[in-house]
Amino acid sequence: MRYHFVTLDVFTDRRFGGNQLAVIPDARELSGEQMQAIAREFNYAECTFVLPPASPQNDAQVRIFTPKREVPFAGHPNVGTAYALAMLEEVHGRKVGDALRFEEEAGIVAVSVARNAAGQPMSAELTAPALLDLGETMAVEHVAEAAGLAPNAITTERHEPQIASIGLPFTIAELPDLDTLAAIKPNLAAFDRHFTEVAGDALYLYVRTGPRSVQARMLAPLHGVIEDPATGSAAAALTGFLARLDPAREGTLPLAIAQGLEMGRPSLIQGAADKSGGAVTAVRVGGPCVTVMEGFLTV
């Protein structure tokens, strides 16, 4: 059978930047094994497969695959899938509006689509399906070794390396400067030694570049992704994590996350965390998308 696909670059306003995504808008009749094989064939960080929803209150079920495994939630796949469906104007015979609800393993993911004056989609923003959840702290030495850095390259003044999740867990660590960020060289053997069977088996390493801005890199070799140019789920976890660490501020706390510069695929993710009574109550991330390819695959 032939299946229609669309590819996009997500978290960028120009082609060949941001993070690549393949969307199969109608994945009915595909098995999970076939979806995984297609994801390996595209070899992007993720591919999404759109199915009819279980509940009529929702717009679609979305399954997300990396080249190695299915994941319960991810950021740029939701942003890009919403954009793609808005561009195609319908999903499984239903007209696509500006607010979509996706059923995923991590929960319901709400995504809003922004359009230009002509009604064409420009960008999308998701609300994380889960509240900020903090896990265990990780050994500085293990994080540094996996990133190919010396242990003293990890900054611990504000926090130790720690697992954080808003639907998908990451180990978050701060670095002192952009030179250190640029010096990262993923050590695959160290990932195997220290992060196999760890919930936060992907590293999100960041440097503060302003009061509400950071630059980051994401390493996930255990998922078949050595480095990711734009990671919405990690950016959302970081947005919520840093908001929680800021005791003096309440309300909506924005965070601009630059990523992918070292890979030649510059990305900009706009994050925002709602905080009340010292607790993070919601996290959102979004950004623009552009289409790159469209065609059919044969299964």
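Computed from a predicted model, the values in this text were never measured in an experiment.

## Examining the layout of surface pockets
- A volume near 220 Å³ is recorded for the largest pocket.
- Taken together, 20 residues form the lining of the largest pocket, with Thr66, Val71, Leu168, Asp201 and His223 sitting closest to its centre.
- Classifying every residue of the lining of the largest pocket gives eleven nonpolar, four polar and five charged.
- Quantified by volume, the second largest pocket comes out at close to 150 Å³.
- As for the second largest pocket, its lining consists of Arg158, Arg208, Gly210, Pro211, Arg212, Ser213, Val214, Leu242, Leu245, Asp246 and Leu255.
- Breaking the lining of the second largest pocket down by element, the ones donating at least two residues are strand E14 (203–210), strand E15 (213–220) and helix H6 (232–245).
- For the lining of the second largest pocket, the class distribution of residues is five nonpolar, two polar and four charged.

## Quick look at the packing of aromatic side chains
- One pass over the full model with this rule turns up four aromatic pairs.
- Relative to phenylalanine 42, the ring of phenylalanine 5 lies with its centre 5.3 Å away and its plane at 70 degrees, an arrangement referred to as edge-to-face. Residue phenylalanine 5 is found in strand E1 (residues 2–10), and its partner phenylalanine 42 is found in helix H1 (residues 32–42); the two are separated by 37 residues along the sequence. Neither residue differs from the other here; phenylalanine 5 and phenylalanine 42 are each classed as buried.
- Both rings, one in phenylalanine 42 and one in tyrosine 44, keep their centres 5.7 Å apart while their planes meet at 40 degrees; by these two values the pair is tilted. Assigned by exposure class, phenylalanine 42 and tyrosine 44 land together as buried.
- Taken together through their ring pairs, the aromatic side chains of Phe5, Phe42 and Tyr44 make up a single cluster.
- Here the guanidinium or amino end of arginine 2 rests over the ring plane of phenylalanine 296, the centre of that ring lying 4.2 Å away.

Calculation notes
- Residues numbered from 1 in each chain as written.
- Predicted model: local features only at pLDDT ≥ 70, side-chain atom pairs only at ≥ 80, totals over all residues.
- Heavy atoms only, no water.
- 1 Å grid on protein atoms, 1.4 Å probe; cavity = no way out; pocket = protein on both sides within 12 Å on 5 of 7 lines; lining within 4 Å.
- Points joined across faces, edges and corners; volume = space filled by probe spheres on them.
- Nonpolar A, V, L, I, M, F, W, Y, C, P; charged D, E, K, R; others polar.
- Helix = DSSP H or I, 4+ residues; strand = E, 2+ residues; numbered from the N terminus.
- Phe/Tyr/Trp six-rings, centres within 6.5 Å; stacked < 30°, edge-to-face > 60°.
- Buried < 20%, exposed > 50% of the residue type's maximum accessible area, 1.4 Å probe, protein only.
- Lys NZ or Arg CZ within 6 Å of the ring centre and 35° of its normal.

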